[in-house]
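Single-letter residue listing:
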Amino acid sequence: MRAHRVAVAVSGGRDSVALLHATVQAARPLGVAVQALHVHHGLMPQADAWQAQVAALCGQLEVPLLAERLTTRPQPGDSIEAWARRERYAALARLAHEAGADLVLLAHHRRDQAETFLLQALRGAGAAGLAAMPARIERHGLTWARPWLDRPREAIEAYGALHGLPVVEDGSNQDPRFARNRLRLQVMPGLNQAFAGAEAALAAAARRSAEADAALAEWADEALRACSEGEALLREAWWGLSPARRLIVLRHWLALRLGQGAPQRLVDRLLAEWPQAVAASWPAPGGQVLRHYRGRLRVDHAPTQPGGVGPAAHGLASPPCWPLRITGAARVLVQAFGGELVVEPANEGVPLAWLANCELRSRSGGEQFQLAADRPARSLKKMFQQQAVPAWARQGPLLWAAGRLLFVPGLGVDARALHAAEGGPRMRIDWVPFAADCSIGEASADGR
Ligand SMILES: Nc1ncnc2c1ncn2[C@@H]1O[C@H](COP(=O)(O)OP(=O)(O)OP(=O)(O)O)[C@@H](O)[C@H]1O
């Protein structure tokens, strides 16, 4: 199908500038209109100059440009890379629709693909992740294509030099805090030197993974039909599959129902616990919960949905002590205590820096809590009595860091943490017990 209007996503970097130029050369004789799209992330002081440079190039090439400056900001705990990617694609989709383009071209090339494959492998990804970037995909009502995914970067560089194309240099490409930069700057040169053709081989491995993943997804779709009823996965039919097939079908069902790949620890827990479960629930990403009842597994929303929830969600846990790393807004589902620890940015609260290395513990007796700066610390038992905290509200875990008691369900944040001289962002902590019907192992009505 020929696109009526082709959009090119142009960062101003060498590759996308070359792609815009090459697209104009190819499209004009065919009578296809070309549209340039640019996203200003609003993160770097040089970004205004980059946008101006892209605009100047578009002027020279007589290509219309649509640009958007992002107004959202990464939240504490967000990976800047992941945030920028997500927001950039959302903005590009908006711009493409505004321009009336149905095809968006991206200038990723073979080295990008090889790096993505390795980054996925380093995260322990399976076939879906190792497939890296698709050469073509339909999303947001648009076709996204990477026409140069098989091309070596050197060829693109030569093309740019041949046509004397101006490019912007993004200094953040040298920043070793970003995993891709570390891989590109520290690992790839050695790899290419030690293994001739490493980049092409890694890109080929990504292609093979994509083929395997596509076949697996087709098979899993068929197998799932025999193991599901509506949105529920049927335990008996699922259990009848071979162990290898069980795993594929479970992952596939989870990905469909959760709207994202399931973390390995959730898959492991389900494989170990679901076969014997009576009525049970498991925390899942995105504030969702998996519930088993009468042989059926379903995805549901978590029983509590406090506002301002950030992206970090951890599944866990068993008392009496569980180490945690919290780097921003988070919801920690704590099955063993039947509730959820909710951590949100606030003007007053625990220093975020302390939460990077904290832990949940059961009460062991003898803990002291200080309610206010001008009051003495007293035993938890006395504090609960004094504050008339009902028994059900005392049931959650205690939050500790570096030997300090930070938070007690029913009492709140300890005054010594609240008034600590530590700088940086502060976080409010809440303990939210689950509704009574979703605790693990609860006997169901028919006693199964
Ligand atoms: N700010 C942006 N605006 C529009 N498109 C972008 C932007 N950033 C990236 N892209 C698109 O995504 C592709 C891959 O992004 P990546 O971050 O690898 O590129 P880059 O290093 O910024 O620049 P280039 O790929 O042009 O050399 C780009 O080639 C471009 O097509």
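Quick look at the structure, then. Owing to the predicted nature of the structure, the values given are computational and were not obtained by experimental measurement.

What counts as what
- Residues numbered from 1 in each chain as written.
- Predicted model: local features only at pLDDT ≥ 70, side-chain atom pairs only at ≥ 80, totals over all residues.
- Heavy atoms only, no water.
- Helix = DSSP H or I, 4+ residues; strand = E, 2+ residues; numbered from the N terminus.
- Buried < 20%, exposed > 50% of the residue type's maximum accessible area, 1.4 Å probe, protein only.
- Contact = heavy atoms within 4.5 Å.
- Areas by Shrake-Rupley, 256 points an atom, 1.4 Å probe, with all protein chains shown as cover.
- Lys, Arg positive; Asp, Glu negative; His and termini not counted.
- Charge placed at Lys NZ, Arg CZ, Asp CG, Glu CD.
- Pairing = 2+ DSSP bridges.
- Axes fitted to C-alpha atoms, helices over the stretch in contact; angles between N-to-C directions.
- Salt bridge = Lys/Arg side-chain N within 4 Å of Asp/Glu carboxyl O.
- Expected span 1.5 Å × (residues − 1).
- Polar contact = N/O pair within 3.5 Å; in protein donor to acceptor, adjacent residues only side chain to side chain.
- Phe/Tyr/Trp six-rings, centres within 6.5 Å; stacked < 30°, edge-to-face > 60°.
- 1 Å grid on protein atoms, 1.4 Å probe; cavity = no way out; pocket = protein on both sides within 12 Å on 5 of 7 lines; lining within 4 Å.
- Points joined across faces, edges and corners; volume = space filled by probe spheres on them.
- Nonpolar A, V, L, I, M, F, W, Y, C, P; charged D, E, K, R; others polar.

Examining the overall build of the chain
When helices and strands are counted, the chain shows 14 helices and 23 strands. Summarising its shape, the C-alpha atoms of the chain cover approximately 80 × 60 × 45 Å along the three principal directions. Out of the 448 residues belonging to the chain, those deemed buried represent 45%. Looking at the chain alone, contacts between residues at least 24 apart form 66% of all its contacts between residues at least 6 apart. Here the chain has roughly 22500 Å² of accessible surface; of this, 53% comes from carbon and sulfur atoms. Once the 50 positive and 42 negative side-chain charges of the chain are each reduced to a mean point, those two points are 3 Å apart.

Let's talk about the sheet that holds strand 2 (residues 33-40)
The strand order across the open sheet built from six strands is 3-2-1-4-6-5, with neighbouring strands paired in mixed fashion. The open sheet terminates on both sides in strands that have one partner only, identified here as strand 3 (65-69) and strand 5 (136-139). Between one strand axis and the next, the sheet turns through 25° on average, direction left out of account. Across three bridges, the pairing between strand 4 (residues 103-105) and strand 6 (residues 142-145) is parallel. Each bridged residue has a counterpart across the sheet, and for Leu103 the counterpart in strand 6 is Thr143. Here helix 1 (residues 14-27) sits on the sheet in contact with strand 1 (5-9), strand 2 and strand 4, set at roughly 165° to strand 1. On the sheet, helix 2 (residues 47-61) packs against strand 2 and strand 3 and is oriented at approximately 170° with respect to strand 2.

Here's the deal with the pattern of salt bridges
Tallying each qualifying case throughout the model produces 20 salt bridges. Among the salt bridges present, the one from Asp414 reaches Arg416, with a minimum N-O distance of 2.8 Å. Exposure remark for Arg416: the relative accessible area of 42% places this residue in the partly exposed category. Residues joined by salt bridges that share partners form a network here, namely Arg111, Asp112, Glu115, Arg180 and Arg184.

Some remarks on unusual backbone geometry
Positioned with a positive phi, Glu62 is a non-glycine residue whose angle comes to about 55°. Inspection of the secondary structure assignment puts Glu62 in the loop between helix 2 and strand 3. The exposure class assigned to Glu62 is exposed, which follows from its relative accessible area of 64%. In this model, Ala132 sits at a positive phi of 55°, which is unusual for a non-glycine residue. Tracing the backbone shows Ala132 in the loop between helix 5 (127-130) and strand 5. Looking at Ala132, the relative accessible area reads 18%, which means it is buried.

A few points about helix 4 (residues 110-122)
Between its terminal C-alpha atoms helix 4 stretches 18 Å, which fits the 18 Å expected from 13 residues at 1.5 Å a residue. Next to the buried residues of helix 4 lie helix 5, helix 6 (153-162), helix 7 (179-194) and helix 8 (198-227). Positioned one or two residues after helix 4, Gly124 has a phi angle of 80°, which is positive.

Observations regarding the side chain of Asp175
Assignment of secondary structure puts Asp175 in the loop between helix 6 and helix 7. In this structure the side chain of Asp175 is engaged in a polar contact, spanning 2.6 Å, whose partner is the side chain of Arg177.

A few points about the packing of aromatic side chains
This model, assessed by the stated rule, comprises three aromatic pairs. Ring geometry for Tyr89 versus Trp144: centroids 5.6 Å apart, planes at 85°, classification edge-to-face. Of the two residues, Tyr89 sits in helix 3 (residues 80-99) while Trp144 sits in strand 6, which places them 55 residues apart along the sequence. Trp144 gets classed as buried once you look at its relative accessible area, which sits at 4%. Ring plane angle 50° and centroid distance 6.0 Å describe the contact between Trp238 and Trp239, whose orientation is recorded as tilted.

Overview of helix 1
For helix 1, built from 14 residues, the straight-helix expectation of 20 Å at 1.5 Å per residue is met to within 8% by its first-to-last C-alpha distance of 20 Å. Here helix 1 lies mainly inside the structure; 11 of its 14 residues are buried.

What to know about empty space enclosed by the protein
Sizing a probe to match a water molecule and rolling it over the atoms shows the empty space that remains. Evaluation of the coordinates by the stated rule reveals two cavities of 30 Å³ or more. For the second largest cavity, the calculated volume is near 30 Å³. Among the elements that line the lining of the second largest cavity, the one with the most residues is helix 2, at three residues. Here the residues of the lining of the second largest cavity are counted per class, giving five nonpolar, two polar and no charged.

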